[in-house]
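Observations on the model geometry
Read off the chains here:
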Amino acid sequence: MHPATAALKSRLRLPVIAAPMFIVSNPKLVIAQCCAGIIGSFPALNARPKALLDEWLCEIREALAAWDRDHPDTPAAPFAVNQIVHKSNDRLEHDLEMTVKHRVPLVITSLGARTDVTAAVHSYGGLVLHDVINQTFAKKAVEKGADGLILVAAGAGGHAGKQSPFALVQETRRWFAGPIALSGSIATGDAVLAAEAMGADFGYIGSPFIATAEANASAEYQQAIVEASAEDIVYTNFFSGIHGNYLKASVRAAGMDPDALPEADPSKMDFGTGGATSAKVWKDIWGCGQGIGVIEAVQPTADYVARLRAEYAAARARLGLAHG
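The paragraphs below set out a description of the structure included in this document.

Calculation notes
Here the residue numbers are simple positions, counted from 1 along each chain's written sequence. Totals for whole chains, interfaces and linings use every residue, but because this is a predicted model, local features are given only for residues with pLDDT of at least 70 and side-chain atom pairs only at 80 or more, for both listing and counting. Side-chain descriptors were evaluated using all non-hydrogen atoms of the structure, hydrogens and water having been removed beforehand. By definition, two strands form a pair when at least two bridges between them are found by DSSP. Think of it this way: any DSSP run of H or I at least four residues long counts as a helix, any run of E at least two long counts as a strand, and we number them from the N terminus. Here, axes are lines fitted to C-alpha atoms. For helices the fit covers the stretch in contact, and angles between N-to-C directions go from 0 to 180 degrees. The rule for a salt bridge is simple: a side-chain nitrogen of Lys or Arg has to be within 4 Å of a carboxyl oxygen of Asp or Glu. Throughout, exposure labels follow a simple rule: accessible area from a 1.4 Å probe, protein chains only, divided by the maximum for the residue type, with under 20% read as buried, over 50% as exposed, and the rest as partly exposed. Angles are sorted into four bins: roughly parallel if under 35 degrees, roughly antiparallel if over 145, roughly perpendicular if 65 to 115, and oblique for all others. Left-handed describes a crossing whose near helix is turned anticlockwise from the far helix through less than a right angle; right-handed describes the clockwise counterpart. Any two residues whose heavy atoms approach within 4.5 Å at even a single point are treated as in contact. Throughout, the ten residues Ala, Val, Leu, Ile, Met, Phe, Trp, Tyr, Cys and Pro are labelled nonpolar, Asp, Glu, Lys and Arg are labelled charged, and all others, Gly among them, are labelled polar. Working definition: rings of Phe, Tyr and Trp (its six-membered ring) pair if their centres are within 6.5 Å, and the pair is stacked with planes under 30 degrees apart, edge-to-face with planes over 60 apart, and tilted otherwise. Residue count minus one, scaled by 1.5 Å, sets the expected span of a helix. Each direction from the helix axis to a C-beta atom contributes to the arc, which is the arc of those directions. What is meant by a nonpolar core is a set of buried Ala, Val, Leu, Ile, Met, Phe, Trp, Tyr and Cys residues, joined one to another through side-chain atoms within 4.5 Å.

Let us now look at the sheet that holds strand β1 (residues 16–18). On the basis of which strands lie adjacent, the open sheet formed by 8 strands has the order β1-β9-β8-β6-β5-β4-β3-β2 and parallel pairing. Of all strands in the sheet, those with a lone pairing partner are β1 and β2 (40–43), marking the two edges. Each adjacent strand pair in this sheet contributes to an overall mean axis angle of 25°, direction not counted. By the bridge criterion, 4 bridges tie strand β6 (residues 148–152) to strand β8 (residues 180–183) in an arrangement that is parallel.

Listed below in structure tokens is the structure:
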């Protein structure tokens, strides 16, 4: 096993990384995910105003330390912070400073790879995973120092790629031996095991956590997750300039036809603190992946992760695999 992969897996009870979701992911959700034995994460931009990021990181670190003191046999998993590296993010310098201050174990970078960002995280021993949708972006990320990759395949929630997960993983494994997390409609323990069988090290799960008690999501959003299936998702770049998957119900509620959306200009992307357009996307137009057809109720994060663990163990047993 690659040393970086081993380092990430050493405190996990299931090989899963919870995806950072705009608005939805907050300290309460991250803490619940980590205490359940999977890597929890949140976007730095969710902490608004930016001074709140310092408080959130303190809250998470203190809660996980308390959990470890009270549960020495089942320590909390590490947590991650997502940094948007796109040039329109005018908070990156501040947020990266907070990341270094709190020695965040894992940093997930998106929409651009920069050597100064990876160097800052490496300065205190942290690891960097970078979001990619194809081999071109994957190789650029590794060239700029990323320790691992998050392969965002077709069906993933929010900003997503369009390649098959089989193609994405097998092509990446031809040249890259480091940690790989696979994103794209993973919502069951069976799918986590399938991701490992394909060559990934972790399942990367986002949308199902929207329908958890700890998530910062409206009751309407959560109910839409419970009621929807893969057919209720639309893939479009209209809302943010980058292609992504969204719930059709939220598009209709905003007065638009999800089946007749025009193409957008990618140059309209804006992740700055004043980006009203991007805020509207995630608040009113709800990101969601295709895997939510198996989510039948809003439940505590611990219960959902327990279900994943049970499904994962059952899948291993069906295949005659040793316990692990």
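Moving on: the pattern of salt bridges. A complete count under the given rule lists 9 salt bridges for this structure. Close ionic contact of D201 with R173 constitutes a salt bridge, the shortest N to O distance being 2.7 Å. In this pair, D201 sits in the loop between α8 (189–198) and β9 (202–205) while R173 sits in helix α7 (residues 165–173), placing the two residues 28 residues apart along the sequence. Classification of D201 by relative accessible area gives buried; the value is 13%. Classification of R173 by relative accessible area gives partly exposed; the value is 26%. Measuring nitrogen to oxygen at the nearest pair gives 2.6 Å for the salt bridge that ties R318 to D190. On the criterion of sequence distance, the pair formed by R318 in helix α12 (residues 301–318) and D190 in helix α8 is long-range, its members being 128 residues apart.

We now examine the packing of helix α3 (residues 52–70) against helix α4 (residues 92–101). Closest axis-to-axis distance for the α3/α4 pair is 10 Å, and the angle between their directions is 25°. By the angle between their directions, the pair α3 and α4 is classed as roughly parallel. Two packed elements cross with a definite hand, and for α3 against α4 that hand is right-handed. Listed contacts from α4 to L53, D54 and L57 of α3 are D95, M98 and K101. Residue composition of the contact of α3 with α4, by class: 3 nonpolar, no polar and 3 charged.

Sheet architecture is open: 3 strands sit in the order β7-β11-β10, paired in antiparallel fashion. Only two strands of the sheet have a single partner each, and these edge strands are β7 (158–159) and β10 (233–236).

Our next topic: the packing of aromatic side chains. On inspection of all chains with the given rule, the structure shows 6 aromatic pairs. Taking 5.5 Å as the distance between ring centres and 65° as the angle between the ring planes, the aromatic pair formed by F42 and W56 counts as edge-to-face. Pair noted here: F42 is in strand β2 and W56 is in helix α3, with a separation of 14 residues, a long-range link. Assigned by exposure class, F42 and W56 land together as buried.

A few words now on α3. Compared with an ideal rise of 1.5 Å per residue, which puts 19 residues at 27 Å, α3 spans 27 Å between its outermost C-alpha atoms and is within 8% of the ideal. Within α3, burial applies to L53, W56, L57, I60 and L64. Mapping the buried residues of α3 onto a view down its axis gives an arc of 95°, with all of them on the same face. Opposite the packed face of α3, turned more than 90 degrees from it, sit the exposed residues E55, E62, R69 and D70. In the core, the buried residues of α3 are packed alongside α2 (27–35), β2, β3 (79–84) and α4.

The next subject is the nonpolar core. For soluble globular proteins, the rule of thumb is that nonpolar side chains tend to be buried together. Of all hydrophobic cores here, the largest spans 74 residues; its most connected members are F79, F209, I225 and L247. Excluding residues that lie within four positions of it along the chain, F209 makes contacts with A18, M21, L29, Q33, I38, A215, T301, Y304 and V305. The next biggest cluster of nonpolar side chains, apart from the first, holds 19 residues, and it includes A19, A77, A80 and I150.

Take α8 next. Among the residues of α8, G189, V192, L193 and A195 are the ones counted as buried. Considered in projection along α8, the buried side chains sweep an arc of 155° and stay on one side of the axis. Contacts from the buried residues of α8 go to β1, β8, β9 and α12. Following α8 by one or two positions, G199 adopts a phi angle in the positive range, close to 125°.

Right, let's get into unusual backbone geometry. Note that the residue after R48, namely P49, is joined by a cis bond; omega there is 0°. With respect to the helices, strands and loops of the structure, P49 is situated in the loop between β2 and α3. Positioned with a positive phi, R103 is a non-glycine residue whose angle comes to about 50°. Structurally, the position occupied by R103 is in the loop between α4 and β4 (106–110). Under the relative-accessibility criterion, R103 is labelled exposed at 53%. Not every positive phi belongs to a glycine, and S185 is a case in point at roughly 70°. Its relative accessible area of 32% is what places S185 among the partly exposed residues.

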